[in-house]
Structures are given as C-alpha cells and as structure tokens.
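Here is how the chains run, residue by residue.
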Amino acid sequence: MKLNFCYLIAIFMIFLTGERDLAQIPQSDVKFRLAQSYEQTGDYESALKLYLEIFTKDSTNEIVFDAVRRMYVQLKRYDEAIDIINRKLFRTPNDLNLLAQLGNIYVRNSQESKAIEAWERAINIMPRNEISYRIVAQSMIESRMFEQAIGTYKRARTELKNPSLFINELASLYSNL
C-alpha cells in the first residue's frame, strides 16, 4: 500500500513537471523521483534501496552518490558511508570536500583520530590556500569540534603568514565557547 502511494506521488510529480508521456521518461528518473519522495517522507530505507539501484547502474552520477551517502548517514550506517566515500576517493584522491565529509562521518562513528587524519589530508592538498583551511574548519564546526576548528584557523594564519586571516570566524568561535 505504501509503495503504491509513493508511486502515485512520483507519477503525479512527473505530471506536474510537464512530462506527459510516461513512456518517454527513463526508468532511472522515475526511481530517482520516487526515492526523493521516500526521503522527504522520512522513509530512508526505501529511499536508499532505490538510490542504490540507480547508483549500481551509474556510479559516476554525483547527485545519486550524494543521496546514497546522505541516506547512509541518516540511517547511522556510518561504516557503509565511509566505504562509499573511500571508494570514490580512490578515483578522485584530491577531492577536498569529500575528505571533509569523510572527517564528519568519522566523528559521527566515534573515530576522531581518523577524522583528524582525513582533515589533515584535505589541508595537505592545497596547504598554501586559505580555502583548504576554511573547508576543514567548517567541517570541524559541523562536527561540533570547536577547539580543533580554532586550531585550524590559527594554523592557517601561521602557514599563510597572515595574522588577520579568519578574524571573524575566530571571534565567532571564541564567543560561542
């Protein structure tokens, strides 16, 4: 019953977007929209199942990859989220954002030392660029690791020889401690 209702929602959503001939819509699009419906209603297991079906056929689709990762995190299946990110990092080892996400998931999985290693790898991709430090510090803040974020901002000031760098970010962090 629940599955039929979600199929009806997906078909209705397709109709609303102006897609009149359902036979012309690729099956993966219908599955993706249905998975999105499941996700929006909080049925993460069903959403994950459909996202994985799509991802199995096209593992290069960034949107689907992100959806699979997001579902693993929602379901607290952190080991699987870590695995899928590590497999992607094998193909794109210098993906700063992916390493930052990996750090967040390691923290959620109570593996703080591995999180710090992932964030260190991210910084080392572009150690002379403030963006590296900003992305890593933001990731630390999302993981509620405020002291580490302060340390990252301070390290950036030293490494980049700019003592006024990240003034606002540091002030905000210190005011919240």
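Details of the structure are given in the entry above.
Quick caveat, the model's predicted, so the values are computed rather than measured. (Residues numbered from 1 in each chain as written. Predicted model: local features only at pLDDT ≥ 70, side-chain atom pairs only at ≥ 80, totals over all residues. Heavy atoms only, no water.)

**Student:** What am I meant to see in the overall build of the protein here?
**Tutor:** When helices and strands are counted, the protein shows 10 helices and zero strands. Looking at the protein as a whole, 37% of its 177 residues qualify as buried. The contacts in the protein between residues at least 6 apart in sequence include a share of 42% that link residues at least 24 apart. Counting only carbon and sulfur atoms, one obtains 53% of the accessible surface of the protein, whose full area is about 10,500 Å². (Helix = DSSP H or I, 4+ residues; strand = E, 2+ residues; numbered from the N terminus. Buried < 20%, exposed > 50% of the residue type's maximum accessible area, 1.4 Å probe, protein only. Contact = heavy atoms within 4.5 Å. Areas by Shrake-Rupley, 256 points an atom, 1.4 Å probe, with all protein chains shown as cover.)

**Student:** Looking at this structure, how should I read helix α6 (residues 96-108)?
**Tutor:** Given 3.6 residues to a turn, an α-helix orients residues that are three or four positions apart in the same direction. Under the 1.5 Å per step criterion, the end-to-end length of α6 is 19 Å for 13 residues, consistent within 8% with the ideal 18 Å. Counting buried residues along α6, 10 of its 13 residues qualify, which places the element largely inside the surrounding structure. For α6, the complete set of buried residues consists of L96, L98, L99, A100, L102, G103, N104, I105, Y106 and V107. Elements that come into contact with the buried residues of α6 comprise α4 (62-74), α5 (78-91), α7 (112-125) and α8 (130-142). Looking at where α6 begins, the residue whose side-chain oxygen comes 3.2 Å from the main-chain nitrogen of N97 is D95. (Expected span 1.5 Å × (residues − 1). Polar contact = N/O pair within 3.5 Å; in protein donor to acceptor, adjacent residues only side chain to side chain.)

**Student:** Mind showing me how you'd approach the layout of surface pockets here?
**Tutor:** Where empty space is left in the structure can be found by rolling a water-sized probe over the atoms. What the largest pocket holds in volume is close to 240 Å³. In terms of lining residues, the largest pocket is bounded by 13 residues, among which A100, Q101, N104, S139 and E142 are the most central. Listed by contribution, the elements that provide at least two residues to the lining of the largest pocket are α4, α6 and α8. With six residues, α6 is the single largest residue contributor to the lining of the largest pocket. (1 Å grid on protein atoms, 1.4 Å probe; cavity = no way out; pocket = protein on both sides within 12 Å on 5 of 7 lines; lining within 4 Å. Points joined across faces, edges and corners; volume = space filled by probe spheres on them.)

**Student:** Which parts of the structure should I look at to understand the packing of α4 against α5?
**Tutor:** Helices that pack against each other are described as a pair by the angle of their axes relative to one another and the distance between those axes. At a closest axis distance of 7 Å, the pairing of α4 and α5 adopts a crossing angle of 155°. It follows from the interaxial angle that α4 and α5 lie roughly antiparallel. α4 and α5 meet at a crossing whose hand is left-handed. For the pair formed by α4 and α5, the contact residues are E62, F65, V68, R69, Y72 and V73 on the first element and Y78, E80, A81, I84, I85 and K88 on the second. The residue makeup of the contact of α4 with α5, split by class, is eight nonpolar, no polar and four charged. (Axes fitted to C-alpha atoms, helices over the stretch in contact; angles between N-to-C directions. Parallel < 35°, antiparallel > 145°, perpendicular 65-115°, else oblique. Left-handed = near helix turned anticlockwise from the far one by under 90°. Nonpolar A, V, L, I, M, F, W, Y, C, P; charged D, E, K, R; others polar.)

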